[in-house]
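Below are the chains, spelled out letter by letter.
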Amino acid sequence: NSFVPRTNTCGELRSAHVGREVTLYGWIQYQRQGLFLVLRDFQGLTQIIIPQDEAHSHVKKLLANAPVESVVRVTGVVSPRPPGQENPKMPTGDIEVKAETAEILNFCKKLPFEIKDFIKKSEALRMQYRYLDLRNFQLQHNLRLRSQMVMRMREYLCNLHGFVDVETPTLFKRTPGGAKEFLVPSREVGKFYSLPQSPQQFKQLLMVGGLDRYFQVARCYRDEGSRPDRQPEFTQIDIEMSFVDQAGIQRLIEGLLQYSWPEERGSITTPFPSMTYKEALADYGTDKPDTRFGMKIVDISDFLRRSDIQFVQNALSYPHGTVKAICIPQGVRYLKNKDLESLKESAKSQFDQEIVEMICKPDGSLKSLLTKFLGEKQQSELVQALNVQVDDVVLLAAGEHKQVCSALGSLRLESADLLEAAGLVLRDPTAFHFLWVVDFPLFLPKEENPTELESAHHPFTAPHPSDTSLLYSDPTKVRSQHYDLVLNGNEVGGGSIRIHSAEQQRFVLEKVLKEDSEVLSHLLEALDFGAPPHGGIALGLDRLISLIVDAPSIRDVIAFPKSFRGRDLMGNAPDYVTPEELEPYHIQVSWPLEEKEAKKS
């Protein structure tokens, strides 16, 4: 209440305040028959009794006629509620304020939707009137928790561990590889700035500059078009350190999260478990495993190697051929036939992977198209290997290792969703399972051209010390010093130890990635002037907070987010500009014919 004329907020009055004269400011949440109203501010609700006596008739007239969501000032005396009228659901439910004077600071016209958490609104409408949506308690709570966590992170990094908070430029130049960047025109003919997808180069240059420990709450930009739960502008906790190894960065982040973790969410245990990329793919079919539940992928190649099943033998005849399966607990009881068909169709459409199902009958035997090809001993071994219980459903896939793992990993998550929708709780909604994934490949084949390579992380990631020689002989086999932090199956952070040798960095860019190293000449030159070994990480703040508050989308933890298509529905951005405004930038817009006609009309 410092710096403002109110004596209290609407959320702090209790029985101890009875008899005190108070002044409250807020919005009218609810008004009933000119008898009382509920006043709301950022901290809570207080019931205000509207006076009925003649001496206060002007106060009654003001408050009884003010529309909901009007902004008012009320001065009155705190009184206990009459016996039996207390409201245990409200923190202020034992008291009420008897209004003596009041002022309407601003009337509210008819709203496009009610400001109540339980009123369902379309997301488009919420984003069009975001300033109204921000009044609901859940969004207020999310933004305040985000602010508190960032403040605690600053304390931990700057005050306890000597990090320097440095702001890096937003206008820069294109970075090779990685996500698509937004372009910003300049007044120089044909020259454009790029908005950085992260401060990657600057933080490495700060290490060359001897700052030793850098940190920033960084705004980043990616022109990724329409992608669900992605924002074209987002925030990351960006960190870089000199003379550090992978274990040092991991310990720092574990300490940072433990220090800044909200008390209301319980405590988190460190150190976080770790798993290699290879293990994650083999056991969970993804590089961001949700370890809150089992249903791991099991390799059953050896059990079926001696079988007469043709498609199994075909798969195993290839160099990376495998047969794997997942076991869906109580699948017979909780999944309908259409659910199983939808799972099989999903694997076929997304991964071009055929799936065969097996069901464990009450007598413990397996029911499947495959059982006629399997002897009793093989069936028994299979049941044991997969730990199959009565009414479980097994989904089996055969083919190339990565494809089979990816398909089963996806089905594992889809079937968990189906089981939970049917009433079987698999994932504790209050649990937070952190996991480090390490030993990623340094390079991956490009999707559009598998004979060419691209960086699995980014081109500045250092090779694993044991694999450095392979960089020059067989780069596809090189592991990287890249590490991801995963929380409940979502990637919330990623980083690496960087290349600090100009010669090695130039080789990666020119020889392996076939990139023009001239674009990074400033960085290559810097690495030649005594660059220290260094590494870092970036935590995705939006996604981390959305998981902590269990928000359905990252848009629920950002004050003014963009829509699914990257638009600002409130301010209607992006918007057209006139040819005159474009002229200094030497740009002309070439309109498709139908849009030309539409603009004319």
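- Looking at an unreviewed UniProt entry, one finds the chain named SYDM protein and attributed to Todus mexicanus.
- You can read under Sequence similarities (unreviewed entry) in the UniProt record for the chain the words "Belongs to the class-II aminoacyl-tRNA synthetase family. Type 1 subfamily."

## Description of helix α11 (residues 337-351)
Next, step 1: With 15 residues, α11 should reach 21 Å at 1.5 Å per residue; the first-to-last C-alpha distance of 21 Å fits that figure.
Next, step 2: When α11 is considered as a whole, its buried residues turn out to be D339, L340, L343, S346 and A347. Looking straight down α11, one finds its buried side chains confined to an arc of 115°; they lie on one side. When the buried face of α11 is taken as reference, the exposed residues oriented beyond 90 degrees from it are N337, K338 and S349.
Next, step 3: Contacts from the buried residues of α11 go to β13 (321-328), α10 (331-334), β14 (356-360), β16 (393-400) and α13 (401-421).
Next, step 4: Downstream of α11 by a residue or two, D352 has a phi angle that is positive, lying close to 55°.

## Quick word on the packing of aromatic side chains
Each aromatic ring pair is specified by the distance between its two centres and by the angle formed by the two planes.
Next, step 1: Under the criterion given, the structure shown has twelve aromatic pairs.
Next, step 2: Aromatic side chains Y472 and F507 sit 4.6 Å apart centroid to centroid with 50° between the ring planes, which places their arrangement in the tilted category. Here F507 lies in helix α15 (residues 502-512) and Y472 lies in helix α14 (residues 470-473), a separation of 35 residues in the sequence.
Next, step 3: Take Y472: its relative accessible area is 45%, and that puts it in the partly exposed class.

## Some remarks on the layout of surface pockets
Next, step 1: A volume near 410 Å³ is recorded for the second largest pocket.
Next, step 2: Lining the second largest pocket are 17 residues, with D117, R126, N136, P552 and D556 positioned closest to its centre.
Next, step 3: Those elements that place two or more of their residues in the lining of the second largest pocket are α2 (123-128) and α4 (137-161).
Next, step 4: Here the element with the most residues in the lining of the second largest pocket is α4; it accounts for three residues.
Next, step 5: Looking at side-chain class alone, the lining of the second largest pocket contains six nonpolar, four polar and seven charged residues.

## Remarks on the side chain of Q379
Next, step 1: By the element assignment, Q379 lies in helix α12 (residues 376-386).
Next, step 2: Looking at Q379, the relative accessible area reads 15%, which means it is buried.
Next, step 3: Among all residues touching Q379, those that are not within four sequence positions of it are L366, T371 and L374.

## What to know about the sheet that holds strand β17 (residues 434-438)
Next, step 1: A sheet is described by the order of its strands in space; here eight strands give the open sequence β6-β9-β10-β22-β21-β20-β17-β11, paired in mixed fashion. Both edges of this open sheet fall to β6 (164-165) and β11 (274-276), since each of them pairs with a single strand only.
Next, step 2: Both β17 and strand β20 (residues 482-487) contribute to a ladder of four bridges, which runs antiparallel. Across the sheet, residue F434 finds its bridge partner in β20, namely L487.
Next, step 3: Of the strands in this sheet, β10 (233-242), β20, β21 (490-497) and β22 (534-540) are in contact with helix α17 (residues 541-548), which crosses β21 at around 140°.

## Focus: the sheet that holds strand β15 (residues 366-367)
Next, step 1: Spatial ordering of the open sheet is given by β12-β13-β16-β14-β15, a layout of five strands whose pairing is antiparallel. Across the chains shown, the open sheet's two edge strands, defined by having one partner strand only, are β12 (298-299) and β15.
Next, step 2: In the sheet, β14 pairs with β16 via four bridges, with the strands oriented antiparallel. Paired with V356 across the two strands is L396, which belongs to β16.
Next, step 3: The strands touched by α13 are β13 and β16; relative to β13, the strand with the most contacts, the crossing angle is about 10°.

## Focus: unusual backbone geometry
Next, step 1: Across the junction of T270 and P271, the peptide omega takes the value -5°, indicating a cis bond.
Next, step 2: Counting through the fold element by element, P271 comes out in the loop between α6 (246-260) and β11.
Next, step 3: In this chain, A573 is followed by P574 through a cis amide linkage whose omega measures 0°.
Next, step 4: Note that P574 resides in the loop between α17 and α18 (579-582).
Next, step 5: Unusually for a residue other than glycine, D391 sits at a positive phi of about 75°.

## Let's talk about empty space enclosed by the protein
In this approach a probe as big as a water molecule rolls over the atoms, and the regions it shows empty are the leftover space.
Next, step 1: What the rule picks out here adds up to one cavity of 30 Å³ or more.
Next, step 2: By volume, the largest cavity is sized at about 40 Å³.
Next, step 3: Lining the largest cavity are M127, R130, F560, P561, D568, L569 and M570.
Next, step 4: Partitioned by chemical class, the residues of the lining of the largest cavity number five nonpolar, no polar and two charged.

## Focus on the domain arrangement of the chain
Next, step 1: Assigned domains of the chain: these are domain 1 (15-106), domain 2 (139-268 + 476-556) and domain 3 (293-422).
Next, step 2: Using only C-alpha atoms to locate each centre, domain 1 and domain 3 end up separated by 63 Å.

## Here's the deal with helix α7 (residues 277-284)
Next, step 1: Inspection of α7 places Y277, A280, L281, A282 and Y284 among the buried residues, and these make up the whole buried set.
Next, step 2: The elements touched by buried residues of α7 are β11, β13, α13 and β17.

## Side note on the packing of α4 against α17
Next, step 1: In the contact formed by α4 and α17, the axes pass within 10 Å of each other and the chain directions differ by 120°. Classified by the angle between their axes, α4 and α17 sit oblique to one another. Between α4 and α17 the crossing geometry is right-handed. Seen from α4, the contacting residues are N142, L145, R146, M149, V150 and M153; seen from α17, they are L541, D542, L544, I545 and I548.
Next, step 2: Within the contact of α4 with α17, the residues separate by chemical class into eight nonpolar, one polar and two charged.

## Overview of the nonpolar core
Next, step 1: Core analysis: the biggest nonpolar cluster contains 39 residues, and I239, I253, L257 and L485 have the highest contact counts within it.
Next, step 2: Broken down by secondary-structure element, the contributors of at least two residues to this core are α4, β10, α6, β17, β20, β21, β22 and α17.
Next, step 3: For this core, the element with the most residues is α4, which contributes six residues.
Next, step 4: Ignoring anything within four residues of it in the chain, the contact list for L257 reads M153, I268, F272, F434, L485, L539 and L544.

## Topic: the side chain of Q236
Next, step 1: Looking at where Q236 falls in the secondary structure, it is placed in strand β10.
Next, step 2: Among the polar contacts made by the side chain of Q236, one reaches the side chain of D238 at a distance of 3.3 Å.
Next, step 3: Those residues within four positions of Q236 in sequence are excluded, and the remaining contacts are S198, P199, Q216, V217, A218, C220, A538, L539 and L541.

Reading the values: the criteria
- Numbering of residues starts from 1 in each chain and follows the order in which that chain's sequence is written.
- Reporting in this predicted model follows two pLDDT cut-offs: at least 70 for local features of residues, and 80 or more for side-chain atom pairs to be given and counted; totals over whole chains, interfaces and linings ignore these cut-offs and use all residues.
- Side-chain metrics in this entry use all non-hydrogen atoms of the structure; hydrogen atoms and water are not considered.
- UniProt positions are given in the numbering used here, feature names are shortened, and annotations may be inferred rather than shown by experiment.
- Runs of H or I in DSSP of at least four residues are treated as helices and runs of E of at least two as strands, each being numbered from the N terminus.
- By definition here, a helix of n residues has an expected span of 1.5 Å times n minus one.
- Exposure categories follow from relative accessible area, calculated using a 1.4 Å probe and restricted to protein chains: below 20% of the type maximum is buried, above 50% is exposed, and the middle band is partly exposed.
- Directions drawn from the helix axis to the C-beta atoms are what define this arc.
- Here a residue-residue contact requires only that any non-hydrogen atoms of the pair lie within 4.5 Å.
- In this analysis, rings of Phe, Tyr and Trp, with Trp reduced to its six-membered ring, are considered paired at centre separations within 6.5 Å, and the interplanar angle assigns stacked below 30 degrees, edge-to-face beyond 60, and tilted for intermediate values.
- The pocket and cavity definitions rest on a 1 Å grid over protein atoms only: a 1.4 Å probe that fits but cannot leave marks a cavity, an open set with protein on both sides within 12 Å along at least five of seven lines marks a pocket, and residues lining either have an atom within 4 Å of a point.
- Grid points are joined across faces, edges and corners, and a volume is the space filled by probe spheres set on the points.
- Under the grouping applied here, Gly and all other residues not named as nonpolar or charged are polar, the nonpolar ones being Ala, Val, Leu, Ile, Met, Phe, Trp, Tyr, Cys and Pro and the charged ones Asp, Glu, Lys and Arg.
- Two strands pair under a simple rule: DSSP has to find at least two bridges between them.
- Axes here mean lines fitted to C-alpha atoms, for a helix over just the part in contact, with angles spanning 0 to 180 degrees between N-to-C directions.
- Boundaries of every domain are those given by an automatic assignment or by a domain database.
- Relative orientations are named as follows: roughly parallel for angles under 35 degrees, roughly antiparallel for angles over 145 degrees, roughly perpendicular for angles from 65 to 115 degrees, and oblique for any other angle.
- The handedness criterion is simple: a crossing whose near helix is rotated anticlockwise from the far helix by less than a right angle is left-handed, and one whose near helix is rotated clockwise is right-handed.
- Only buried residues count toward a nonpolar core, which is a set of Ala, Val, Leu, Ile, Met, Phe, Trp, Tyr and Cys residues joined through side-chain atoms within 4.5 Å.
- Throughout this description, a polar contact denotes any pair of N or O atoms lying within 3.5 Å of each other; where both atoms belong to protein, one of them has to be capable of donating a hydrogen while the other can accept it, and for residues adjacent in sequence the pair is counted only when both atoms sit in side chains.

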